[in-house]
Amino acid sequence: MNANYCRAMINNMVVISAVEMKNIANKAVKLHNLSPVAAEALSRTLAVAGLMGKQLKNTTDYMSITLNGGGPLGSITVAANGKGEIKGTIDNPSVETEFNDEGNLTVANAVGKDGKITVVKDIGLKQPFVGTTQLVSGEIAQDFANYFVVSEQQPCALTIGFSWKKGKCASGGAVLVQVLPGCDPKLLFDIETTLYAMDQMSYQFANSTARQVIERFFACYDGLTVTDESFVNYKCDCSTKRMQRLIRSLGKDEAMDIVAEQGKIQIQCHFCNKTYNFDAQSVQKLFEN
Ligand SMILES: [Zn+2]
């Protein structure tokens, strides 16, 4: 199978990363039974999780993104770890599709424009990094481009596209172009020109790998070097251990109250729908040491 993620650099001044998302989008649609507009919104956000997750340095690093624009879809939550695993969920997966006058899905109406993006990165430091920015359009790509500039002081361009056929993703992916400090102005000018040509992203990714998409636009630059070609997967890393920690965080009184009421504690993972059951005895045991 071809790698669905690729990162390349131009003369150590520009970093280009791309993720091809068809299979991941289809997995999310199936898992969460997403309406068309929910599928588009969650897939766009998952694409960002794929790109940002791949920038984590260690396999134990972890990050989550919450995007809430106050629209009918509610919160979109995605997470990624340093192993290239991503997952996502959306509050209201069955929100009906809204089309604009041109017949296109209007993601901004469903996401809402009045809200924010919150990114939490746990990279093994004492405190996790937390970055927040206001949404600028509700279309997701522009909102994250703004996030990178404002919160991480990282000038960039981000373009995301998906196309759908009978409720399934036909093609899709995202490309992120980041300009490093001290970039040669001539190179920057050329890059900007290239960025203008990068549209119809869903078609760019049809039958193309992430690497092929990058090379299609940037092979003309001297010094383009591919630095990573690997995989992003939709995989939930929930575990009994993590759920036990969650129960412990409730405190003994509240946990035992739930057991008394319901005979057990049942937790369903929002990201993969897996159900975990803890009977009275196992809950009791969690609070023994
Ligand atoms: Zn899970």
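1. With respect to the environment of Gly88
As for its position among the elements, Gly88 is in strand S5 (residues 85-90). By relative accessible area, which is 0% here, Gly88 ends up buried. Separated by 46 residues in the primary sequence, Gly88 and Leu42 have C-alpha atoms spaced 7.1 Å apart. Filtering out sequence-adjacent residues up to four positions away, Gly88 remains in contact with His32, Leu42, Leu46, Thr77, Val78, Tyr234 and Phe271.

2. A few points about the coordination of the zinc ion
Protein-derived ligands of the zinc ion are Cys236 (SG), Cys238 (SG), Cys269 (SG) and Cys272 (SG), with the metal-ligand distances lying across 2.2 to 2.3 Å. Note that the zinc ion binds four donor atoms; their angles at the metal cover 104 to 115°, and the shape is tetrahedral. One chain supplies every donor to the zinc ion, and in sequence these donors are spaced C-x1-C-x30-C-x2-C. One end of the pair, Cys238, is in the loop between strand S11 (233-234) and helix H8 (240-250); the other, Cys269, is in the loop between strand S12 (264-268) and strand S13 (275-279), with 31 residues separating them in the sequence. What makes Cys269 buried here is its relative accessible area of 6%.

3. Here we look at the domain arrangement of the protein chain
Taken as a whole, the protein chain is organised into domain 1 (5-234) and domain 2 (240-286). One C-alpha centre belongs to domain 1, the other to domain 2, and the line joining them spans 34 Å. Counting residues at the interface gives eight residues for domain 1, matched by five residues for domain 2. Roughly 550 Å² is buried in total at the junction of domain 1 and domain 2, and carbon and sulfur atoms are behind 57% of that figure. Run the count over domain 1 and domain 2 and you get three residue pairs in polar contact (both at pLDDT 80 or more). Elements that contribute at least two residues to the side of domain 1 that touches domain 2 include exactly helix H1 (22-32) and S5. Counting residues per element, the side of domain 1 that touches domain 2 draws most heavily on S5, at three residues.

4. A closer look at the layout of surface pockets
Of the voids in this model, the second largest pocket is the one considered here, and its volume is about 430 Å³. Taken together, 17 residues make up the lining of the second largest pocket; nearest its centre are Gln55, Leu56, Lys57, Lys121 and Glu152. Its residues assigned to classes, the lining of the second largest pocket shows seven nonpolar, four polar and six charged.

5. Quick notes on the environment of Gly112
Inspection of the secondary structure puts Gly112 in the loop between helix H3 (107-111) and strand S6 (116-122). Gly112 gets classed as buried once you look at its relative accessible area, which sits at 9%. Along the backbone, Gly112 and Leu73 are 39 residues apart, and their C-alpha atoms lie at a distance of 8.2 Å. Non-local contacts of Gly112, meaning those with residues more than four positions away in its chain, are made with Gly69, Gly71, Leu135 and Gly138.

6. Focus: the nonpolar core
Judged by nonpolar contacts, the single largest core of 51 residues is most densely connected at Leu46, Ile65, Leu73, Val111, Phe144 and Leu158. Looking at this core, the element that brings in the most residues is helix H2 (residues 36-53), giving 11 residues. Setting aside residues no more than four positions away along its own chain, Leu73 makes contact with Val37, Ala38, Ala41, Ile90, Asp91, Asn92, Val95, Ala110 and Val111. Within the second largest apolar cluster, 21 residues are counted, among which are Ala18, Ile191, Ile214 and Phe217.

Calculation rules
- Residues numbered from 1 in each chain as written.
- Predicted model: local features only at pLDDT ≥ 70, side-chain atom pairs only at ≥ 80, totals over all residues.
- Heavy atoms only, no water.
- Helix = DSSP H or I, 4+ residues; strand = E, 2+ residues; numbered from the N terminus.
- Buried < 20%, exposed > 50% of the residue type's maximum accessible area, 1.4 Å probe, protein only.
- Contact = heavy atoms within 4.5 Å.
- Donors = N, O, S within 2.8 Å, 3.2 Å for Na, K, Ca; no water.
- Tetrahedral: all angles 85-135°; square planar, octahedral: opposite > 155°, others 65-115°.
- Domains from an automatic or database assignment.
- Buried area = accessible area lost by both parts, 1.4 Å probe.
- Polar contact = N/O pair within 3.5 Å; in protein donor to acceptor, adjacent residues only side chain to side chain.
- 1 Å grid on protein atoms, 1.4 Å probe; cavity = no way out; pocket = protein on both sides within 12 Å on 5 of 7 lines; lining within 4 Å.
- Points joined across faces, edges and corners; volume = space filled by probe spheres on them.
- Nonpolar A, V, L, I, M, F, W, Y, C, P; charged D, E, K, R; others polar.
- Core = buried A, V, L, I, M, F, W, Y, C linked by side-chain atoms within 4.5 Å.

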